[in-house]
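# Summary of the model geometry
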Amino acid sequence: MSRGLKLTLLLALPLAGFLALLGLLWQGLGRDPSLLPSALIDRPLPAFRLAALGEPGRFISQDDLKGKPALLNVWATWCPTCRAEHEMLRSLAAQGVTIYGVNYKDDPTKAVQWLKDLGNPYTLNIDDQSGQLGIDLGVYGAPETFILDARGVIRYRHVGAVDEQVWREVLEPRLKLLQGGQG
Amino acid sequence: MRRWLPLLLALLAPPALAAIDAEHRFDDPAQEARYRDLIAELRCPKCQNQNIADSNAPLAQDLRQKVYDMMQAGRSDQEIVDYLVARYGDFVRYRPPLRADTWLLWFGPFAAIGAAALGVALWLHSRAQRTRPALDEHARQRLAELLRQHDEDSR
C-alpha cells in the first residue's frame, strides 16, 4: 500500500466513525423508547381462573380463549386511551374479529356500565380486579392488545390504542396470517 | 449569629427520608434490607427511569407487593427476579445478565478503550521511529560544535 493511500485511509477513519455514530443515532430517533418487547411472545397464555365481568359465579380460564385466532384487549374505565380505541374495537367486532377483554384493575360496576353505555365488543370479559393476570401478561400500560393463535399462544403484543392504522398495518396482517395457517 | 442559625439548623437536620413505600415492613432487619435491595434493583416497566422502590405508579406498587408476598412465601432473590423477568423481560433488571448476546454491552466499552489505547501506542511508536533518524551522529556533533561556539561567543 502506498504511503498516500495509507494516509488517506487513516484520515478517513474519524469520518467513518462519525458516520457510523450518525447512523446509529438516526435510527434511534424514530424509536419510541417507552415501547417494550413482550417477554411472552410465542408462549402460551398464563394459566388463570377469574370471574367473568358482570357475571359473578361464572369463571373463565385460559382454555376458554382457545379455538381460533383472536385479540386479547387489556382495558379499564380509568384509562382514557381505552375509551379512544373503544369505537375501533366495536367496529372490528362487527367485522367478525374475536376480541377477548381483560378488565384490568377496575371497578366492575363501572366497567359493566361502560359496556352498556358504549357497546360491548368483547366475546368474553375477564375480571382482573387484583391485576394478577396483568402481571402474568407483563402488562405495563393499558390499553394493550395481544394476538392469540388458535392454540392460545401469544403471538404479538401492541401497546397503546388500536386505531385504523394500527389495525391495517400491524394487527390485521398478523391475524390474517394465523387465520390462513389454520384453514 | 442569629442570621445564620436557621441555615445552621437546616444543615444539621437529618435528611428527610421520604419513603414512598411505607406499607411493607419486616420484623427481621436483615429481611427488610433484602427487600430494600431487591426493589432498588428492579426497574419499573411503566416509569422507565425509576426502580420500583422510588416509583409511586400503581404498577410499581403492585410489583412491590408481589416482591413482598414472594419473600414472605420464602422465595429466594433469584426466584423473584426470574419471576419478573419471565413477565416483563430483562428490562426489569437494572443489572443486565451476562449472556452471549450481552457481551457487547458488558465488554464493548473496555474493548473500545483498549482499541483506542492500542491505536495511540502504535501512533506514538511510529512517530518516535520517524523522528529518531532526524539527528544522526554527524548532525549531533555539528550541533555540539555550534553550541560550544555560541557559549564562547556570548562570554
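Here goes a summary of the coordinates provided. (Residues numbered from 1 in each chain as written. Chains lettered and ligands numbered in written order. Predicted model: local features only at pLDDT ≥ 70, side-chain atom pairs only at ≥ 80, totals over all residues.)

Glancing now at the overall build of chain A. Within chain A, the secondary structure is distributed over 5 helices and 8 strands. The helix and strand sequence of chain A, counted from the amino end, reads α-β-β-β-β-α-β-α-β-α-β-β-α. Here chain A has a C-alpha radius of gyration of 22 Å; the compact-globule value for 183 residues is 16 Å, and the former is much larger. When the 183 residues of chain A are sorted by exposure, 31% land in the buried category. Expressed as a percentage of contacts within chain A between residues at least 6 apart in sequence, the contacts between residues at least 24 apart total 71%. (Helix = DSSP H or I, 4+ residues; strand = E, 2+ residues; numbered from the N terminus. Rg over C-alpha atoms; globule rule 2.2 N^0.38 Å. Buried ≥ 20, exposed ≤ 12 C-beta atoms within 10 Å, placed from the backbone. Contact = placed C-beta atoms within 7 Å.)

This brings us to the overall build of chain B. The helix and strand tally for chain B stands at 6 helices and 0 strands. Across chain B, helices and strands are ordered from the amino to the carboxyl terminus as α-α-α-α-α-α. Its C-alpha atoms give chain B a radius of gyration of 32 Å, more than 25% over the compact-globule value 15 Å for 155 residues. Based on the C-alpha atoms only, the size of chain B along its principal axes is roughly 90 × 65 × 30 Å.

With 12 residues of chain B in contact, the opposing surface of chain A contributes 10 residues. Residues of the side of chain B that touches chain A, tallied by class, amount to 6 nonpolar, 2 polar and 4 charged. (Nonpolar A, V, L, I, M, F, W, Y, C, P; charged D, E, K, R; others polar.)

Attention now goes to unusual backbone geometry. Residues and elements named next belong to chain A. Residue Pro143 follows Ala142 across a cis peptide bond; omega there is -5 degrees. Its place among the elements puts Pro143 in the loop between α4 (132-136) and β7 (144-148). We note that Asp42 has phi near 65 degrees; this positive angle belongs to a residue other than glycine. By secondary structure assignment, the location of Asp42 is in the loop between α1 (3-29) and β1 (43-44). Residue Asp42 is classed as exposed on the basis of its 10 C-beta neighbours within 10 Å.

You can see B:Arg34 is positioned in helix α2 (residues 29-41). Separated by 56 residues in sequence, B:Arg34 and B:Asp90 place their C-alpha atoms 21 Å apart.

Coordinates in, geometry out; function isn't part of it.
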